[in-house]
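# Close look at the chain arrangement
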Amino acid sequence: MGNFLAKNKLSSVYLNIAAIILGAILGLVLGETACGLKFIGTIWLNCIKLIMVPLVLCIVVTSIGSQQDLSSLGRVATRIVAFYMTTTVMAIAIGIAVAFVFKPGIGFNIALEGAQAAAKTVSLSVQDFFLSLFPSNLFKTLSDGDVLGTLVIGILFGVSVIKIKDVEKKRTVLRCFDSLNALINEYLRMIINLSPIGVLCLMADSFGKYGLTVFTTMAKFLGTFYVGLAIQVLLVYGIVLLIFARLNIFKFLRDATPVWSFTLATCSSTANIPNSIKTAREVFNVPDNIASFTIPLGATLNYDGLVMAFGCVLITVAQMNGIVFGAGTLIHIMLVGLLLSSCGSGIPGGGVVKIMMILGTFGLPTEFAGLLAGFYRFFDMGITTVNCLGDLVGTVCVAKAEERRKNNS
């Protein structure tokens, strides 16, 4: 039975990879005609998105509520948040560094038409950020699809479950959320089984619309960005895995194939939550109470790929306009990147809005974000994949730390 399930999992991965390749071929051969398949991929993606908010609420409540006490929860939360904050800072620093080294904005051959004399600035304050974490209306938060707000509500509900003194009532509450979790998991299993169809249609649309020209017009910028992503994965994640999990990065990437093959196609970190949780549990043997807490948290807080794009885009646009940033501004970029990175859910294309915001914040022309939007799916493949791999790396490392603590106690 185990061999049969393993073969089924492997078959699913191969089907997704085959769908990516076949979709790309269809797009290149049929051109814009292939764009007619997009609606099928959109329907499939919408079927995943519609369950994401209840999924996050249920798994966070059950994972926190099942903790023995608040001390164990606090230990896991502290470790994973520290990991996410550290890798996020390193990612934006790498994005800035690779842009300085390769200078993709120098001699850029695409003119930004209608450049604004003064870009609209977006005011971001620490107070506003923390206020946004605590919504005033539960049902509005759920209906708006506010994943970050739902996560906070789930954490508060989960802590409340821990503090229920009546053991029988506590079990009843957890059973209710567990039952809803079972329904959601069966629904997701049904939809995820259709992923090769959705993947094929989405890839056919992307290549049919943009073709291969997307890789020539902005090759230098795209290449610079992907060099940064490679450094983040191979160097930063590689060192972290080696130190804290005694795991080789190349073995990790091979075992994490179900995650990156899915994110390359969907470009949605939120849609990948159940996939990452499943991989963490079944491939890396991460306990359910850790995986179900750290993965959803990472999907809303950990945006290593996106903040790297912030740094890379800002330096590139500054180079295009002959602007040189000082050390103080670079530190400011890192702080604003940290704030912006966790605002919003893992919806495909949402990074364009954030890139536009950060360009406006530093008084740079926002037209570059519109230029990126024209081929953002290809750009977003790397962003989402690194985001989700970072979630999985952090989860594996925290699980190993908890395992060592139990063995030593």
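Residues numbered from 1 in each chain as written. Predicted model: local features only at pLDDT ≥ 70, side-chain atom pairs only at ≥ 80, totals over all residues. Heavy atoms only, no water.

### Let's talk about the overall build of the chain
In terms of regular secondary structure, the chain is built from 20 helices and zero strands. By the burial criterion, 52% of the 409 residues in the chain qualify as buried. Considering only intrachain contacts with a sequence separation of at least 6, the fraction spanning at least 24 residues in the chain is 84%. Surface exposure of the chain reaches about 18400 Å², of which carbon and sulfur atoms provide 67%. (Helix = DSSP H or I, 4+ residues; strand = E, 2+ residues; numbered from the N terminus. Buried < 20%, exposed > 50% of the residue type's maximum accessible area, 1.4 Å probe, protein only. Contact = heavy atoms within 4.5 Å. Areas by Shrake-Rupley, 256 points an atom, 1.4 Å probe, with all protein chains shown as cover.)

### A short note on the packing of aromatic side chains
Scanning all chains against the criterion turns up six aromatic pairs. Their ring planes at 10° and their centres at 5.9 Å tell us that Phe-221 and Phe-379 sit as a pair that is stacked. Taken together, the positions of Phe-221 in helix 11 (residues 219-244) and Phe-379 in helix 20 (residues 376-408) put the pair 158 residues apart, joining distant regions of the chain. Across the pair, exposure class does not vary: Phe-221 and Phe-379 are buried alike. Between Phe-225 and Tyr-226, the aromatic rings sit 5.8 Å apart at their centres with planes inclined by 85°, giving edge-to-face as the arrangement. The buried category is assigned to Phe-225, whose relative accessible area is 0%. By the ring-pair criterion, three or more aromatic residues cluster together here, those being Phe-221, Phe-225, Tyr-226 and Phe-379. (Phe/Tyr/Trp six-rings, centres within 6.5 Å; stacked < 30°, edge-to-face > 60°.)

### A word on the nonpolar core
Core analysis: the largest hydrophobic core is formed by 107 residues, its most contacted members being Leu-241, Phe-252 and Phe-379. Of all the elements, helix 20 adds the most residues to this core, at 14 residues. Those residues within four positions of Leu-241 in sequence are excluded, and the remaining contacts are Arg-246, Leu-247, Ile-249, Phe-252, Val-393, Val-396 and Cys-397. (Core = buried A, V, L, I, M, F, W, Y, C linked by side-chain atoms within 4.5 Å.)

### Structural notes on the side chain of Gln-319
With respect to the helices and strands, the residue Gln-319 is situated in helix 16 (residues 304-320). For Gln-319, a relative accessible area of 15% gives the class buried. Discounting residues that sit within four places of it in the chain, Gln-319 has contacts with Ala-99, Phe-100, Lys-103, Pro-104, Gly-105 and Ile-106.

### Quick notes on helix 8 (residues 167-192)
Here helix 8 is 26 residues long and its end C-alpha atoms lie 36 Å apart, about the 38 Å a rise of 1.5 Å per residue gives. Taken residue by residue, helix 8 has Leu-174, Phe-177, Asn-181, Ile-184, Leu-188 and Ile-191 as its buried positions. Near the N-terminus of helix 8, the side chain that reaches the backbone nitrogen of Glu-168, with its oxygen 3.0 Å away, is that of Asp-166. (Expected span 1.5 Å × (residues − 1). Polar contact = N/O pair within 3.5 Å; in protein donor to acceptor, adjacent residues only side chain to side chain.)

### Re unusual backbone geometry
One non-glycine residue, Arg-246, lies in the positive phi region at around 55°. In this fold, Arg-246 is placed in the loop between helix 11 and helix 12 (249-255). On the accessibility criterion, Arg-246 (64% relative accessible area) is exposed. Despite not being glycine, Asn-285 shows a phi value in the positive range, around 55°. Among the secondary structure elements, Asn-285 is positioned in the loop between helix 14 (273-282) and helix 15 (288-301).

### Quick look at the confidence of the model for the chain
Overall, the predicted model of the chain reaches an average pLDDT of 80, with 81% of residues at or above 70. When pLDDT is averaged over each helix and strand of the chain, the minimum, 52, is found for helix 10 (residues 214-217) and the maximum, 95, for helix 12. Long-range and interchain partners of residues 1-7, a stretch whose pLDDT sits below 50, account for zero contacts in this model, where long-range means more than four residues apart. Below pLDDT 50 for its whole length, residues 344-349 participates in 21 contacts with residues either more than four positions away or in separate chains. (pLDDT = per-residue confidence, 0-100.)

### Thoughts on a nonpolar patch on the surface
A cluster of nonpolar side chains, Val-101, Phe-102, Val-227, Ile-231, Leu-235, Ile-239, Leu-242, Ile-243 and Phe-244, forms an exposed patch at the surface whose accessible area comes to about 810 Å². At the level of secondary structure, the elements contributing two or more residues to the nonpolar patch comprise helix 4 (70-102) and helix 11. The dominant element in the nonpolar patch, judged by the number of residues it contributes, is helix 11, at seven residues. Tracing the sequence through the fold places Ile-239 in helix 11. (Patch = residues over 30% accessible without salt bridge, like charges linked within 9 Å, V, L, I, M, F, W, Y side chains within 5 Å. Salt bridge = Lys/Arg side-chain N within 4 Å of Asp/Glu carboxyl O.)

### Section: the packing of helix 3 (residues 52-65) against helix 8
Following both chains from N to C, one finds helix 3 and helix 8 inclined at 135°, their axes separated by 9 Å at the closest point. Classified by the interaxial angle, the pair formed by helix 3 and helix 8 is oblique. When you trace helix 3 past helix 8, the crossing you get is left-handed. Across the interface between the two elements, Met-52, Pro-54, Leu-55, Cys-58, Ile-59, Val-61, Thr-62 and Gly-65 from helix 3 touch Leu-174, Phe-177, Asp-178, Leu-180, Asn-181, Ile-184, Asn-185 and Leu-188 from helix 8. When its residues are assigned to classes, the contact of helix 3 with helix 8 shows eleven nonpolar, four polar and one charged. (Axes fitted to C-alpha atoms, helices over the stretch in contact; angles between N-to-C directions. Parallel < 35°, antiparallel > 145°, perpendicular 65-115°, else oblique. Left-handed = near helix turned anticlockwise from the far one by under 90°. Nonpolar A, V, L, I, M, F, W, Y, C, P; charged D, E, K, R; others polar.)

### A word on the pattern of salt bridges
Any two side chains of opposite charge can pair, on the condition that their charged atoms come close. Applying the stated criterion to the full structure yields five salt bridges. Here Arg-79 makes a salt bridge to Glu-402, at a shortest N to O gap of 2.5 Å. With Arg-79 in helix 4 and Glu-402 in helix 20, the pair connects residues that are 323 residues apart, well separated along the chain. Assessed through its relative accessible area of 6%, Glu-402 is described here as buried. Ionic pairing is found between Arg-254 and Asp-255, a salt bridge with its closest N-O pair at 3.7 Å. The class for Arg-254 is exposed, based on a relative accessible area of 56%. Residue class for Asp-255 comes out buried when judged on its relative accessible area of 18%. Through salt bridges with shared partners, one network takes in Lys-251, Arg-254 and Asp-255.

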